[in-house]
Amino acid sequence: MKLTFLGTGTSTGVPAIGCECETCTSDDPRDKRLRVSVLIEHAGLKVLVDTATDFRQQALRYGIKHLDALLITHCHADHIFGLDDVRPLNFRHGALPVFTDARAWCDVRRIFKYVFEPSYTGGGLPQLVPHEIHVGAPFCFAPDFQITPLEVLHGRLPVLAFRFNDFAYVTDLSEIPPATMDALQNLDALVLDCLRVRHHPTHLNVEQALKIIEHLRPRRTFLTHIAHDIKYSRDAKLLPEGVIWAYDGLEVDSG
Ligand SMILES: [Zn+2]
Ligand SMILES: [Zn+2]
Ligand SMILES: [Zn+2]
């Protein structure tokens, strides 16, 4: 299994528009963060998690020419506003299977009403094949490629996280319910939300993320959804061994 970070930034992206802080003016490429998304490759399949606002740029930068499936965590703008940009993939490869839960489908259908209730027939619209998935009910894309949807709390909003065999992608949360903690045992690689050092009402901060990592004890952890408060070279020292800040373009392989 290979996981590629297409984006590791919080909802504004880093640099943030108009900001002249130390991170936003940094030359370090690890301080330049597109909106969060990962590509999972396994068993010859490519699975995207979220069509971030920057999806077009990410697909061009990382040479994505084909996708087998899209998983959606939740319907905040930074996670789904790139959805219309799957059209060039549709033109070449046909409709894209999309997987999320009933709550998110309700929002996707409302936000992208023109896709689901088109006022005309013909080209120009994303072609999506909707699949409804359920928390705690695993499904497979291939015999050794199991995906388990899990629930985390993003403030009061329930959001999907995903376990892929012994990798897990868990972003946009302030709390992990006990059942999800149980389902995140024995991980090789955990990707976990960590916005910044200061507290935030809907995201984990460093202290909260490290507490979760201490409980779960994954072999490796990569923190994502990072705000401009974090400067890569300066703030690496905040993290213990086995935990790093992810950065755009970072690839994580099994084993
Ligand atoms: Zn987000
Ligand atoms: Zn800044
Ligand atoms: Zn969110």
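For the structure itself, look to the data block above.
What you are looking at is a predicted structure, and each value in this text was computed from that prediction instead of being measured.

Parameters at a glance
- Residues numbered from 1 in each chain as written.
- Chains lettered and ligands numbered in written order.
- Predicted model: local features only at pLDDT ≥ 70, side-chain atom pairs only at ≥ 80, totals over all residues.
- Heavy atoms only, no water.
- Donors = N, O, S within 2.8 Å, 3.2 Å for Na, K, Ca; no water.
- Tetrahedral: all angles 85-135°; square planar, octahedral: opposite > 155°, others 65-115°.
- Buried < 20%, exposed > 50% of the residue type's maximum accessible area, 1.4 Å probe, protein only.
- Helix = DSSP H or I, 4+ residues; strand = E, 2+ residues; numbered from the N terminus.
- Pairing = 2+ DSSP bridges.
- Arc of directions from axis to C-beta.
- Contact = heavy atoms within 4.5 Å.
- Axes fitted to C-alpha atoms, helices over the stretch in contact; angles between N-to-C directions.

**Digging into the coordination of the zinc ion (ligand 2)**
Right, on to step 1. Around the zinc ion (ligand 2), the protein contributes the donor atoms Cys 19 (SG), Cys 21 (SG), Cys 24 (SG) and His 228 (ND1), at 2.1 to 2.3 Å from the metal centre.
Right, on to step 2. Taken together, the four donor atoms coordinating the zinc ion (ligand 2) span angles of 105 to 115 degrees at the metal, a pattern that classifies the geometry as tetrahedral.
Right, on to step 3. By relative accessible area, Cys 24 is classed as buried at 7%.
Right, on to step 4. Exposure remark for His 228: the relative accessible area of 28% places this residue in the partly exposed category.

**Remarks on unusual backbone geometry**
Right, on to step 1. For the bond from Val 14 to Pro 15, the omega torsion is 0 degrees, close enough to zero to count as cis.
Right, on to step 2. Summarising the element assignment, Pro 15 is placed in the loop between β1 (2-7) and β2 (37-42).

**With respect to the pairing of strand β5 (residues 96-100)**
Right, on to step 1. Where burial is concerned, most of β5 is hidden: four out of the five residues are buried.
Right, on to step 2. Taken together, the two bridges between strand β4 (residues 69-71) and β5 define a ladder with parallel strand orientation. Counterpart to Leu 71 in the pairing with β5 is Phe 99.

**Points about the coordination of the zinc ion (ligand 3)**
Right, on to step 1. Around the zinc ion (ligand 3), the protein supplies His 74 (NE2), His 76 (ND1), His 154 (NE2) and Asp 172 (OD) as donor atoms, at distances of 2.2 to 2.3 Å.
Right, on to step 2. Taken together, the four donor atoms coordinating the zinc ion (ligand 3) span angles of 90 to 173 degrees at the metal, a pattern that classifies the geometry as irregular.
Right, on to step 3. Mapped onto the polypeptide sequence, the residues donating to the zinc ion (ligand 3) form the spacing pattern H-x1-H-x77-H-x17-D.
Right, on to step 4. Between the zinc ion (ligand 3) and the zinc ion (ligand 1), the interatomic distance is 3.4 Å, and Asp 172 donates to each metal, bridging them.
Right, on to step 5. Overall, His 76 belongs to the partly exposed group, its relative accessible area being 36%.

**Some remarks on helix α7 (residues 206-216)**
Residues spaced three or four apart along an α-helix face the same direction, because each turn holds 3.6 residues.
Right, on to step 1. Inspection of α7 places Val 206, Ala 209, Ile 212, Ile 213 and Leu 216 among the buried residues, and these make up the whole buried set. Within α7, the buried residues cover an arc of 130 degrees as seen down the axis, which keeps them to one side. Opposite its buried face, α7 presents the exposed residues Glu 207, Lys 211, Glu 214 and His 215, each directed more than 90 degrees away.
Right, on to step 2. Of the surrounding elements, those touching the buried residues of α7 are α6 (178-183), β11 (189-193), β12 (220-224) and β13 (243-245).
Right, on to step 3. Positive phi appears at Arg 217, one or two residues downstream of α7, with a value of about 50 degrees.

**Re the sheet that holds β4**
Right, on to step 1. Across the sheet, seven strands lie side by side as β6-β5-β4-β3-β2-β1-β14; this open sheet has mixed pairing. Of all strands in the sheet, those with a lone pairing partner are β6 (128-132) and β14 (251-253), marking the two edges. Here the strands of the sheet are splayed against their neighbours by 20 degrees on average, with no regard to which way each runs.
Right, on to step 2. Pairing geometry for β5 and β6, over five bridges, is parallel. Bridge pairing in β6 places Thr 100 opposite Glu 132.
Right, on to step 3. Helix α4 (residues 102-111) contacts β5 and β6 of the sheet and is inclined by roughly 150 degrees relative to β6.

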